[in-house]
Amino acid sequence: MATNPMQRKARNSFLLGILVTLILAGAVIAFLLIQLKNYREKEAEEQANSVKVWVLSQDVISGQVITTDMLKQQVTNKALVPSNAIGDMSILSNYALTDKEGNEVITEYRNNVATLYLVKNGNKQELKSEEGTDSYYVETNGNKQYVELIESPIIAKVDMDKNTLITIDMISKSDEKVTDDLRNMEYNMLILPTQLQSGQYIDVRLSLPSGQDYIVVSKKQVEIPQINGIDSEDTIWIKLTEGEIITMNNAIVDAWKMAGSQLKVVTYTEAGMQNAAIPTYVPTREVMQLINDNPNMVERAKNDLIRRYNEHSAVVRSEVINPIINNNGTEGEDNLKTKVDESSANSRDTRKEYLQSLGGEY
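None of the values given here were measured: they were computed from a predicted structure.

Re the packing of aromatic side chains
Phase 1: Applying the stated criterion across every chain yields a total of one aromatic pair.
Phase 2: Here the guanidinium or amino end of K219 rests over the ring plane of Y201, the centre of that ring lying 5.9 Å away.

Next comes the structure, spelled out in structure tokens:
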């Protein structure tokens, strides 16, 4: 069929439009494919350069125990992350390990494989685990010696803000080991600093009227009980081992028998960075005998106390504390009875206030 010029022109315009549309569509598709390819390459590059790390989900202060609920995982650029950043929670778990006697467990990495070592008496021995069990042992002359491991609390060395990336250098193991004989003790007879707060670390010191000053227990995290949301004015809680409990009791009796003596609390300035002070107070011979015969005491702690007594009892007790107590005579015994009665009354009053705050009756 013959077509007139107008029809041919319309058909050619239509075909040209289709061709242009196909060309534009092809260009758009090609552009999109290039963009998709670039996006995938960029995404792959970012994934290759990214690493998962653990950051704080809240602010912490120096010396505060860091628990897993205070951490959150975050993806960040590998180039911005220190080499000792904590990306695997097992690093934190391994770092927290000690044996039951308090000997350190260290982790060394070779080809991204972690190997545990027990450091005891200056010697490093590899810790091996039996397949399919949680049992660890070291080998000595071909013989297996099993080791019971515990986790020490992990604390912040310095104050850190929320979203701070955690590295090994920012944390340390707490001096407070979770042992079978650890107990939460309440004391209301200590002289407290005016600005003492829960979470701070303290030493308890016995100051004598003659000027001598002895550390009874060291670097204990304090908790101040509250009644109706108000901190107690004279009562604190601290976690002590069996030997520390007995030693504290002896120090309390000594303080009450010596007029002018003080059993006081002092705080650490940077608990996360400062090591625990070495206790210098020596209990009486009778108390040491009790400690030596006590089956609840951890053997290492018992040996430390016995060594301290043997090394310092002649000076601390024989030459300083005992003469002051003897000079006080019956006055010291009377003061002891009075102070015991006052402490018991304080405990009853505090307990009564607590029960009343719960709406109970006493």
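Concerning the packing of helix α3 (residues 242–257) against helix α4 (residues 285–293)
The axes of two packed helices give the description: the angle between them and the distance between them.
Phase 1: Two numbers describe how α3 lies on α4: the axes approach to 11 Å, and their chain directions differ by 165 degrees. Classed by the angle they form, the pair α3 and α4 counts as roughly antiparallel. The two elements α3 and α4 meet at a crossing, and its hand is right-handed. Within the contact between the two elements, α3 uses G243, I246, T247 and N250 and α4 uses V287, L290 and I291.

As for the environment of Y117
Phase 1: Mapping Y117 onto the fold places it in strand β5 (residues 113–120).
Phase 2: Judged by its relative accessible area of 10%, Y117 falls in the buried class.
Phase 3: Along the chain, Y117 and S357 lie 240 residues apart, while their C-alpha atoms are 51 Å from each other.

Description of the sheet that holds strand β19 (residues 262–267)
Phase 1: Reading across the sheet, the five strands line up as β13-β18-β15-β14-β19 and stay open at both edges, with antiparallel pairing between neighbours. Single-partner strands in this sheet number two, and they are β13 (183–187) and β19. Taken over all neighbouring pairs, the strand axes of this sheet differ in orientation by 40 degrees on average, direction set aside.
Phase 2: Direction of pairing for β13 relative to strand β18 (residues 236–240): antiparallel, over a ladder of five bridges. Residue R183 lies in a different strand from β18, and its bridge partner there is L240.

Reading the values: rules and limits
- Residues numbered from 1 in each chain as written.
- Predicted model: local features only at pLDDT ≥ 70, side-chain atom pairs only at ≥ 80, totals over all residues.
- Heavy atoms only, no water.
- Phe/Tyr/Trp six-rings, centres within 6.5 Å; stacked < 30°, edge-to-face > 60°.
- Lys NZ or Arg CZ within 6 Å of the ring centre and 35° of its normal.
- Axes fitted to C-alpha atoms, helices over the stretch in contact; angles between N-to-C directions.
- Helix = DSSP H or I, 4+ residues; strand = E, 2+ residues; numbered from the N terminus.
- Parallel < 35°, antiparallel > 145°, perpendicular 65-115°, else oblique.
- Left-handed = near helix turned anticlockwise from the far one by under 90°.
- Contact = heavy atoms within 4.5 Å.
- Buried < 20%, exposed > 50% of the residue type's maximum accessible area, 1.4 Å probe, protein only.
- Pairing = 2+ DSSP bridges.

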